[in-house]
Amino acid sequence: MDISSQEITSRSYSVEGLDQRLLFGQNDMFLRIMESRFSCKIVARGEIVLIEGSHEEVDRVYRLLGDLVTRVKQGDAITEQYLNYAVGMVQENGFGPAEEISTESLLTNALKKAIKPKTVGQSKYVEAVDGHDIVFAIGPAGTGKTYLAVAMAVAELKAKKVNRIVFTRPAVEAGESLGFLPGDIRAKVDPYLRPIYDALYDMLQPDKIRKLLEHGIIEIAPLAFMRGRTLNEAFVVLDEAQNTTSAQMKMFLTRIGEKSRAVITGDVTQIDLEDRRESGLVRVQKVLKNVKGIAFVNLTERDVVRHRLVQEIIKAYDRYDRSKREK
């Protein structure tokens, strides 16, 4: 949008009493990003921010500044990642995400940093787990499905709400053919469960994890190992659920015992089964959609918390897939 071709308006926003380094970034980097995304002139003079551009764009920037101020007052730092997320929300919905994102920490990680939801979708995910015994979190890569599930499981274990944690996922494509791989069963399975290990090591000290694994308080196993079991007083996480068959999904869900809860995560755009229609994660949404006590949370590219280009990659693939279907 060319500002010179629009009717120009201006507006000021007060940031009195706020640390502008937190709000605007180093050398006002965040203001420059905002200018490029909204095609406005934005100048910070003392404790006043002057915004100049078309009425619509100035109003959006004003709303965005209000959201960033709310975020800072909540005690959370503004990052480039959050700024881009907030810009997208304001452009799409007319309001920022700060007031809809939970400010409560799930737990403190191994580096003493608070783990908490970073997007509105992630907040809804955490709220769903708080209020339901079984939750399905469905969305693309990078939306924090697995990481938050691990964080919530560890938090519940620390709070003594459960006695153990069980993490599982299909080891490979639904057939779980492990025999051709070298080594014992742990050596065969561990590569497929690495994302869960990575999340755990981000939240707990290595020696603590080893002790919990040795005592069976944390168990990490392929889905095939769940057959015939009853999991009581446990927080159970099924990851990569899009690669379960419908029979495997039913088997897993019927393992849940007394005082247990389950989180099932997956991405229906990354199904490795020969027949995508056989995915247990696809079918279960129809089978259990009206069952009380079960929640389905759908995350989108807006909830991606990895590199900013991951959002663009997901959207590009979606466009490509849609164009193929329309031909």
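Look up: the structure comes first, before these words.
The structure presented is a predicted model; accordingly, all values stated were derived computationally and were not measured. (Residues numbered from 1 in each chain as written. Predicted model: local features only at pLDDT ≥ 70, side-chain atom pairs only at ≥ 80, totals over all residues. Heavy atoms only, no water.)

Describe helix H4 (residues 80-93), naming the residues involved and giving the relevant values.
The periodicity of an α-helix, 3.6 residues per turn, causes residues three or four positions apart to be oriented the same way. Taking 1.5 Å per residue, 14 residues should reach 20 Å; H4 reaches 20 Å between its end C-alpha atoms and fits that length. Turning to H4, its buried residues are Tyr82, Leu83, Asn84, Tyr85, Ala86, Val87, Gly88, Met89 and Val90. In the stretch just after H4, glycine 94 is the one whose phi turns positive, near 90°. (Helix = DSSP H or I, 4+ residues; strand = E, 2+ residues; numbered from the N terminus. Expected span 1.5 Å × (residues − 1). Buried < 20%, exposed > 50% of the residue type's maximum accessible area, 1.4 Å probe, protein only.)

Describe in detail the sheet that holds strand E1 (residues 8-14), supporting the description with residues and values.
Strand order in the open sheet made by the three strands is E1-E3-E2, with antiparallel pairing throughout. Two strands in the sheet have a free side with no partner beyond their single neighbour: E1 and strand E2 (41-45). Between one strand axis and the next, the sheet turns by 20° as a mean value, whatever way the strands run. Pairing analysis gives five bridges linking E2 to strand E3 (residues 48-54), with the strands arranged antiparallel. What sits directly across from alanine 44, in E3, is valine 49. Packing against the sheet, helix H3 (residues 55-73) makes contact with E1, E2 and E3, and its axis sits at approximately 150° to E3. (Pairing = 2+ DSSP bridges. Axes fitted to C-alpha atoms, helices over the stretch in contact; angles between N-to-C directions. Contact = heavy atoms within 4.5 Å.)

I'd like a rundown of the sheet that holds strand E6 (residues 134-138), residues and numbers included.
Pairing is parallel in the open sheet, where six strands are placed in the order E8-E7-E9-E10-E6-E11. Here the strands that pair on one side only, and so sit at the sheet edges, are strand E8 (218-222) and strand E11 (294-298). Adjacent strand axes in the sheet meet at a mean angle of 15°, parallel and antiparallel pairs treated alike. As defined by bridge partners, E6 adjoins strand E10 (residues 261-266) across five bridges and the pair is classed as parallel. Its bridge partner lying in E10, valine 135 is registered against valine 263. Along the sheet, helix H10 (residues 280-287) contacts E6, E10 and E11; its crossing angle with E6, the most-contacted strand, is approximately 125°.

Hey, could you go over the nonpolar core for me, with residue numbers and the actual values?
Note on soluble globular proteins: their nonpolar side chains tend to be buried together. By size, the foremost hydrophobic cluster in this structure holds 36 residues, and its most contacted members are Tyr125, Phe167, Leu200, Met203 and Ile218. At eight residues, helix H6 (residues 145-158) tops the list of elements feeding residues into this core. In contact with phenylalanine 167, not counting residues within four places along its chain, are Val150, Ala153, Ile196, Leu200, Ile218, Glu219, Ile220, Ala221 and Val237. Core analysis: the second largest hydrophobic core is formed by 32 residues, Leu18, Val58, Val61 and Ala98 among them. (Core = buried A, V, L, I, M, F, W, Y, C linked by side-chain atoms within 4.5 Å.)

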